[in-house]
Amino acid sequence: MSEQAAKIPCTIGLLAHVDAGKTTLSEAMLYCTGQRRTLGRVDHRDSYLDSHSLERERGITIFSKQARLETPRRQLILVDTPGHVDFSAEAERTMPVLDCAVLVISGTDGIQAHTLTLWRLLERYQVPVFLFINKMDLPGADREKLLGQLQQQLSPGCVDFDADAEEIAEAAAMCDEALLESYLESGTVTSGNLRELIAARKLFPCCFGAALKLEGVDRLLDILDAYAPQKQYGSEFAARVYKISRDQAGARLTWVKVTSGSLRVRQNLRYTNQKGEALEEKLVQLRLYSGDKFTAPEEIAAGQLAALTGLSATYVGQSLGMEPPGPAPLLEPVMTYRVNLPKGCDGAQALPKLRQLEEEDPQLHLLWQDGQIHVQIMGRVQLEIFRSLVFQRFGLDITLDDRRIFYKETIQNTVEGVGHFEPLRHYAECHILLEPLPRGSGLVIDTVCPLDVLDGNYQNLILTHLAEKVHRGVLIGAPITDMKLTLLVGKAHLKHTEGGDFRQATYRAVRQGLMQAESVLLEPWYDFTVTAPTELIGRAITDIRTMGGEFDAPESQGAISTLRGTVPASEVRDYADQLAAYTQGRGQLQLSLHGYAPCHNTQAVIEEAGYDPEADLENTPDSVFCAHGAGFNVKWNQVKDYMHLESGLKEEKPPQIIQRGNLDDKELERIMEREFGPIRRRQYATPATRPATEEITIKQPRQRCIIVDGYNIIFAWEALADQAKADLDAARRQLCDSLSSYAGFTKCRLVVVFDGYKQKGSTGEKSQFHNIQVVYTREGQTADRYIEELAAEIGSSYAVRVASSDALVQLSSFRSGVLRMSARELHDEVESAHREMGKYFHC
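Definitions and cut-offs
Residues numbered from 1 in each chain as written. Predicted model: local features only at pLDDT ≥ 70, side-chain atom pairs only at ≥ 80, totals over all residues. Heavy atoms only, no water. Helix = DSSP H or I, 4+ residues; strand = E, 2+ residues; numbered from the N terminus. Buried < 20%, exposed > 50% of the residue type's maximum accessible area, 1.4 Å probe, protein only. Contact = heavy atoms within 4.5 Å. Areas by Shrake-Rupley, 256 points an atom, 1.4 Å probe, with all protein chains shown as cover. Lys, Arg positive; Asp, Glu negative; His and termini not counted. Charge placed at Lys NZ, Arg CZ, Asp CG, Glu CD. Arc of directions from axis to C-beta. Axes fitted to C-alpha atoms, helices over the stretch in contact; angles between N-to-C directions. Parallel < 35°, antiparallel > 145°, perpendicular 65-115°, else oblique. Nonpolar A, V, L, I, M, F, W, Y, C, P; charged D, E, K, R; others polar. Pairing = 2+ DSSP bridges. Core = buried A, V, L, I, M, F, W, Y, C linked by side-chain atoms within 4.5 Å. Patch = residues over 30% accessible without salt bridge, like charges linked within 9 Å, V, L, I, M, F, W, Y side chains within 5 Å. Salt bridge = Lys/Arg side-chain N within 4 Å of Asp/Glu carboxyl O.

## Remarks on the overall build of the chain
Now for step 1: Each helix and strand in the chain was counted, giving 27 helices and 39 strands.
Now for step 2: Counting only C-alpha atoms and orienting by the principal axes, one finds that the chain spans roughly 100 × 80 × 65 Å.
Now for step 3: Every one of the 843 residues in the chain was classed for burial, and the buried ones make up 50%.
Now for step 4: The contacts in the chain between residues at least 6 apart in sequence include a share of 71% that link residues at least 24 apart.
Now for step 5: With an accessible surface of roughly 41300 Å², the chain has 48% of that area assigned to carbon and sulfur atoms.
Now for step 6: Positive and negative charge centroids in the chain, built from 92 and 115 side chains respectively, lie 3 Å apart.

Laid out in structure tokens, this is it:
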């Protein structure tokens, strides 16, 4: 094995706020490790990684790129990411594949707003971090002050690794209680201890220097060589896609990190595209890039970053092989623009070309609306770059206008949405529960529908339809967020349900729920930092207050003051230019996305949008029912009068039933005698009494009572279901026999309820079958209603469980405050009791 192959690979991301000197540091690291013979510079437009013409023209990093370098023990894969806030989504896309990161901070500027955004992202993706404080050769760079700032604003675990070994050991021991105890006993901290703390994000080594003069760069490389995390990889193939691009010849490149196993050229790779279609494609080439150059090995092992050719439908964030799904991106653009195409250019023909750029940067979110193309953009710099890329790649000289804030909608109460789709020879109905979630949660999709109510294939179809569509709110038609969408119940028709029926029912159910809910309009807010001369900070405060922003008291540092807070993105506009103008260039505005919060001028936005949710036919809340051989439309507010399934959110019982306290023994006895007749009691000898002076307090446990949904259990138990096909009476007797034996052995009270809802003329019947009660409900009374009422009435005095796999019965039991058990669980308990009885009989 070669020396290179023996070295441990480690993927390191370089991240920074703009102008911190990140690209200069990457050049210095390449130079110091012998990968470059000359030191490239951004201002000379010859840096190794900023090779794109747009990057060299503007002097900023726009696209993430990688370089390979070696230290004595490690093979480092350096990933250089953009530092400008407009391209922060590109930086975030690399984070799931990083083993660790170097966060570069300017020694003269200190921690910036974007630095805090990057720090939060690194924490979210649990990436270990090393810090390089750059430009320490410039006036105003104060090491002690900067270290204090890092420990206060980032983490107390920021430790100066330029100090001597004893100081580093002592500071590191303070980051972990177990290590501190060990350190106090032994007086030593090992390299392994430091590496573990760094990997656990408890310790953050800090190195100070000046990359342009190569100061501190060798020390940083030594620290990475010694303490960068050492990952252990499995043997089964797994990989994560973090980037899509195209080479100069137009070939599509899928950039992955192999996280387990290996990849070989001409290997068949199975994966699922974004439409849910299964594909199998052959890998044509594997490329290991360093800058713009690459090698093409036959095989790559776990830990490597590689570009793959031959895959046509992969996407950013995709998991391949055994790789588990990762979190959704946090950063997203907050503004939308209309794309104006050159005269004579057809939008329908231009859209597929622009989709290539969206494939490479998914946050562009291209939208075809009313015959026009719209795109989401982070800021002005990204807007200009987007225009330039479209011209370079496709020769289209576009303009962008009609700038609008990208709003979202959520709800503040829980509702049940019902969707029914039943034109002639079609059928589907589903009930979706919509619940509000905390800010930043996104959409969470779940199901609580039992498989014996709706087949698993149909349930998966509904969950797919919930996830595939951008569901629009009802205030201005903005996308919904921060909700949980749960499938409660659904119904299909054995003959008439087709593939697209549940799509229609699902979309309509969500929309019908939104029409009922109390909706909230959300808008993006920025975290801002305004730096201005102290004599002008008052004007900045007035400006921010006028925008509807919120802020803390200004911090004054002599002639310069700093104001921090949050402000609606819709109000910022060109305020950075205004600030620079009235401060004569001495003022600065820094922005980073805070997140979405309630809109500060909701009514004005709604009135301006003029959105009518009932007129939006592509997102209709109405349902379609069938009668007399034809389908007919039912308005959203009348759907519950026509729906075929009972509501999953039944009205609660009157307070006097639901909220009553414990019943006394006489009242409880009257209820049971009323329902099941006189209670027969065994006679027991009177036990000897204790002395009156002896005080004993015994809390009597409540007797267990099981209420069984008879027919549901019969058709859920395979043996009884087969028996019922031939003789339903025999199946009922067999169930009662089994339950009688079970009740006698477990000493619980047991009630079996059979549904007489559709039995014409039935007055209901209650009888005793050995030691259990059997109930047949009267005509017009369902078993689940009887079970719910009985459970509510005796639930406070008995330990009641309701046995049924019917979703509606389980939901009603939940509201009555009693425990639920499925048909399978009851079957297992009965079988277990029979086995135990068998042991006694054989003794």
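## Some points on helix 15 (residues 537–546)
Now for step 1: Turning to helix 15, its buried residues are Ile537, Ala540, Ile541, Asp543 and Ile544. One face of helix 15 carries all of its buried residues, which in axial projection span an arc of 165°. In helix 15, the exposed residues that point more than 90 degrees away from the buried face are Arg545 and Thr546.

## Here we look at the packing of helix 2 (residues 22–32) against helix 10 (residues 217–227)
Now for step 1: Two elements in contact, helix 2 and helix 10, have axes whose closest approach is 10 Å; the angle formed by their N-to-C orientations is 75°. If you check the angle between helix 2 and helix 10, you find them roughly perpendicular. Across the interface between the two elements, Leu25, Ala28, Met29 and Cys32 of helix 2 pack against Val217, Asp218, Leu220, Leu221 and Leu224 of helix 10.
Now for step 2: In the contact of helix 2 with helix 10, the residues fall into 8 nonpolar, no polar and 1 charged.

## With respect to the sheet that holds strand 34 (residues 704–709)
Each strand in a sheet pairs with its neighbour through backbone hydrogen bonds, running either in the same direction (parallel) or in the opposite one (antiparallel).
Now for step 1: Pairing is mixed across the open sheet formed by 6 strands, whose spatial order is 36-37-35-34-38-39. The two strands at the open ends of the sheet, each matched to only one other strand, are strand 36 (765–769) and strand 39 (819–821). Neighbouring strand axes in the sheet, compared pairwise and without regard to direction, differ in orientation by 20° on average.
Now for step 2: When strand 38 (residues 799–803) meets strand 39, the two strands line up parallel, connected through 3 bridges. The residue of strand 39 that forms the bridge with Val802 is Arg820.
Now for step 3: Lying on the sheet, helix 24 (residues 728–746) is in contact with strand 34, strand 35 (749–754), strand 36, strand 37 (772–776) and strand 38; it crosses strand 35 at an angle near 165°.
Now for step 4: Against the sheet, helix 25 (residues 783–794) engages strand 34, strand 35, strand 36, strand 37 and strand 38, with an angle of about 170° to strand 34.

## As for the pairing of strand 22 (residues 408–411)
Note on strand geometry: in a regular strand, side chains alternate between the two faces of the sheet.
Now for step 1: Of the two faces of strand 22, the one lined by Lys408 and Thr410 and the one lined by Glu409 and Ile411 are each fully buried.
Now for step 2: Relative to strand 27 (residues 519–533), strand 22 runs antiparallel, the two being bridged by 4 bridges. Residue pairing in the sheet places Ile411 in a bridge with Ser519 of strand 27.

## Observations regarding unusual backbone geometry
Negative phi values dominate among residues other than glycine, just as trans dominates among peptide bonds.
Now for step 1: Unlike most non-glycine residues, Arg201 shows phi in positive territory, near 60°.
Now for step 2: Take Arg201: it is sitting in the loop between helix 9 (191–199) and strand 7 (204–208).
Now for step 3: A relative accessible area of 12% means that Arg201 is categorised as buried.
Now for step 4: Despite not being glycine, Leu214 shows a phi value in the positive range, around 65°.
Now for step 5: Inspection of the secondary structure assignment puts Leu214 in the loop between strand 7 and helix 10.

## Some words on the side chain of Glu92
Now for step 1: Structurally, Glu92 is set in helix 4 (residues 88–94).
Now for step 2: Taking relative accessible area as the criterion, Glu92 reaches 2% and is therefore assigned buried.
Now for step 3: Apart from the residues within four sequence positions on either side, Glu92 is in contact with Leu121, Arg124, Tyr125, Pro329, Leu330 and Leu331.

## Structural notes on the nonpolar core
Now for step 1: In terms of nonpolar packing, the biggest core is built from 53 residues, with Val375 and Phe386 touching the most fellow members.
Now for step 2: Among the elements that take part in this core, helix 12 (residues 380–394) stands out by supplying 7 residues, more than any other.
Now for step 3: Ignoring sequence-local partners within four residues, the contact set of Val375 consists of Met335, Thr336, Tyr337, Val339, Leu364, His365, Leu366, Phe386 and Leu400.
Now for step 4: Membership of the second largest hydrophobic core comes to 43 residues, among which are Ala16, Ala28, Leu179 and Ala228.

## Looking at a negative patch on the surface
Now for step 1: Where like charges cluster on the molecular surface, the negative patch consists of Asp164, Glu166, Glu167 and Glu170.
Now for step 2: Counting through the fold element by element, Glu166 comes out in helix 7 (residues 165–173).

## What to know about the environment of Trp636
Now for step 1: Positionally, Trp636 belongs in the loop between strand 33 (630–634) and helix 19 (639–642).
Now for step 2: Separated by 16 residues in the primary sequence, Trp636 and Thr620 have C-alpha atoms spaced 8.6 Å apart.
Now for step 3: Dropping the residues within four chain positions of it, Trp636 is found in contact with Gln512, Met515, Gln516, Glu614, Pro621 and Asp622.

## Considering the pattern of salt bridges
Now for step 1: Across all of its chains, the model carries 43 salt bridges by this definition.
Now for step 2: Where Arg266 meets Glu298, a salt bridge forms, and the shortest distance between an N and an O atom there is 3.2 Å. With a gap of 32 residues between them, Arg266 in the loop between strand 10 (262–264) and strand 11 (268–272) and Glu298 in the loop between strand 14 (293–295) and strand 15 (299–301) connect regions that are remote in the sequence.
Now for step 3: With relative accessibility at 53%, the residue Arg266 sits in the exposed group.
Now for step 4: Exposure remark for Glu298: the relative accessible area of 43% places this residue in the partly exposed category.
Now for step 5: Asp402 serves as the salt-bridge partner of Arg338, at 4.0 Å between the closest nitrogen and oxygen.

## Structural notes on the side chain of Lys65
Now for step 1: Considering the arrangement of structural elements, one finds Lys65 in strand 2 (residues 65–70).
Now for step 2: Non-local contacts of Lys65, meaning those with residues more than four positions away in its chain, are made with Leu49, Ser51, His52, Glu55, Leu78, Val79, Asp80 and Asp292.

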